[in-house]
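Tertiary structure, described
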Amino acid sequence: MATNPDEPTWVGELDRLGPARDLVVDPRFGAARLLITVDGTPQGQVTVPLRNGRASAADIADAVAPLGPLGRVERAPVGTDPVTVVIATRNRPESLARCLRAVLASEHPALSVVVVDNDPDDERTELAVAAAGSSRVRYVREPRRGVSIGRNRGLAEARTEIVAFTDDDTEVDRGWAGRIAGAFAADPDLACVSGPVLAARLGSPEERAADVALAWNKGFAPRRFSLDHPPADSPVFPFAPGLFGIGANLAVRAVAARSVGGFDEAMGPGTPTHGGEDIEFLVRMVLAGHVLGYVPGAYLWHHHRPDHDALASQLEGYAVGLGSFLTKVALSPQGRAAALRRLPAAVARLRHISEREAGAGAAMPEAGALQRGARLARGGLAYVRRSREVRRNGGAVPPMLMPRRSSTVPAHIRRAARPADEAAPVTDGDGDGRAQATVPTVVARGTAAVPTPRAERACVGAR
């Protein structure tokens, strides 16, 4: 894994099949973080010191050499099966526009996008979707707030077997969707796929602190997770926060995600719990007997919070979200029994997370043990109250373990797609043709534009 120097760090990408050349960037950067790929498949990340914004081709070659020969890299499979990308968003049109540009620049030949606008204050998100000018993008207004509600709505709207989720503060790689499709095609047992979430910028101290504290990049080795083959390096499996990936880079077989009830609408951003929804969903998928995969080729870039207040709010929200997740596990008979056996390892894991955050640098917002404990407790109380409210309103609060595996769409997901005036039947994705949900008819919006690369993360060398 690349080191994280305490100085402005330029973020870029280098494909080893391209020509070697010097790197020249803005002199304010003292180092460069480079993602090293082989024909688009990641091999690793390296950090290269810069002198007046420069590093020679020889300096870069020396930094890359420890990764080993490029011939060792197993190329990520690429598939062509249709993929629906779901982006749940609220009141962030500029960020969404950047995300859409990256998604629409995809090399995948069969890509569609559903933008779910959760309880918007105005029309700016709808205008941003219209400005994208692509018939591949559908805009859906969802009156209820919360990312889990938005993802469930997107899952209901999707017409494809593969559904990928990302957030409006990301930029996906051009090969992201194709490698997701390739992973599912190469391994029919996979029900869910995640991949690396890489820092898009490391210019501010807060961005560098977030990169260390959040640890969203899980490396560049493919992995597979299931109850039948638990990982040897995780004594708290499957209750390991972040082990499987995060909701910003997540793809599912729609029928499998629907069979476990989708996302818990009492959890996540936009609710009093602030987070935890992706952890809980992935744990529930494993407990249901599904196989999860980590695919290094399906990588994307995330824009971390660039200032102190935004980072402090984000980290507080994640602690509250973790508390909501732990509370749901404790309230579940099946989850509680399994988790109690892992309690000592879980305490050690929480201590490790605290130590990692404490060592993330001077820009890291301070939070003592008492404050962390209070946030976890606040998350538990918030989940209990919110789950009751969601149930009263007919929303989704799926149990940790569903009574039985089902290929039908749960009622809350069917309802999510029903409010439109005009609707068309959608199959459940298993090819049997049975109508399981309805989705609104959408008007085409034109042709997509391909964005130019950003200078902050341009490629070093040509492919």
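Residues numbered from 1 in each chain as written. Predicted model: local features only at pLDDT ≥ 70, side-chain atom pairs only at ≥ 80, totals over all residues. Heavy atoms only, no water.

1. Quick look at the overall build of the chain
For the chain, the helix and strand inventory stands at 13 helices and 19 strands. Of all 463 residues assigned to the chain, the portion counted as buried reaches 57%. A sequence separation of at least 24 residues applies to 76% of the contacts in the chain between residues at least 6 apart. Total accessible area on the chain stands at roughly 19,300 Å², and carbon and sulfur atoms take up 54% of it. (Helix = DSSP H or I, 4+ residues; strand = E, 2+ residues; numbered from the N terminus. Buried < 20%, exposed > 50% of the residue type's maximum accessible area, 1.4 Å probe, protein only. Contact = heavy atoms within 4.5 Å. Areas by Shrake-Rupley, 256 points an atom, 1.4 Å probe, with all protein chains shown as cover.)

2. Side note on the packing of helix H9 (residues 308-331) against helix H12 (residues 369-392)
Axis separation between H9 and H12 bottoms out at 6 Å; the angle between their running directions is 60°. Relative to H12, the element H9 is oriented oblique. Relative to H12, H9 is oriented so that their crossing is right-handed. Listed contacts from H12 to Glu316, Ala319, Val320, Leu322, Gly323, Ser324, Thr327, Lys328 and Leu331 of H9 are Arg375, Leu376, Arg378, Gly379, Gly380, Tyr383 and Val384. Residues belonging to the contact of H9 with H12 are distributed by class as follows: seven nonpolar, five polar and four charged. (Axes fitted to C-alpha atoms, helices over the stretch in contact; angles between N-to-C directions. Parallel < 35°, antiparallel > 145°, perpendicular 65-115°, else oblique. Left-handed = near helix turned anticlockwise from the far one by under 90°. Nonpolar A, V, L, I, M, F, W, Y, C, P; charged D, E, K, R; others polar.)

3. Some details on the pairing of strand S15 (residues 291-294)
Burial along S15 is two-sided: the residues Val291 and Gly293 and Leu292 and Tyr294 are all buried. Bridge analysis of strand S11 (residues 190-194) against S15 gives four bridges, and the strand direction is parallel. Bridge assignment links valine 193 to a residue of S15, and that residue is glycine 293. Relative to S15, strand S13 (residues 223-225) runs antiparallel, the two sharing three bridges. (Pairing = 2+ DSSP bridges.)

4. Overview of the pattern of salt bridges
Under the counting rule described, the total for this entry stands at 30 salt bridges. The residue aspartate 233 makes a salt bridge to arginine 223 at a minimum N-O spacing of 2.9 Å. In this pair, aspartate 233 is assigned in the loop between S13 and strand S14 (249-253) and arginine 223 in strand S13, connecting sequence segments 10 residues apart. With relative accessibility at 51%, the residue aspartate 233 sits in the exposed group. (Salt bridge = Lys/Arg side-chain N within 4 Å of Asp/Glu carboxyl O.)

5. A word on the sheet that holds strand S12 (residues 197-199)
Strand order in this open sheet of three strands is S10-S16-S12, and the pairing throughout is mixed. Two strands close off the open sheet at either side, each with one partner strand: strand S10 (170-172) and S12. Pairwise comparison of adjacent strand axes, ignoring direction, gives a mean angle of 30° for this sheet. When S12 meets strand S16 (residues 300-302), the two strands line up parallel, connected through three bridges. When the sheet's bridge partners are listed, leucine 198 is paired in S16 with tryptophan 301.

6. Re the sheet that holds S11
The strands that make up a sheet are held in pairs by hydrogen bonds between backbone atoms, and each pair lies either parallel or antiparallel. Strands sit in the order S8-S7-S6-S9-S14-S11-S15-S13 across an open sheet of eight strands; the sheet is mixed. Strands with a single pairing partner mark the edges of an open sheet, and in this sheet they are strand S8 (137-142) and S13. Across the sheet, the mean angle from the axis of one strand to that of its neighbour is 20°, orientation sign disregarded. Running at roughly 135° to strand S9 (residues 162-166), helix H5 (residues 176-186) makes contact with strand S6 (83-89), strand S7 (111-118), S9, S11 and S14 of the sheet.

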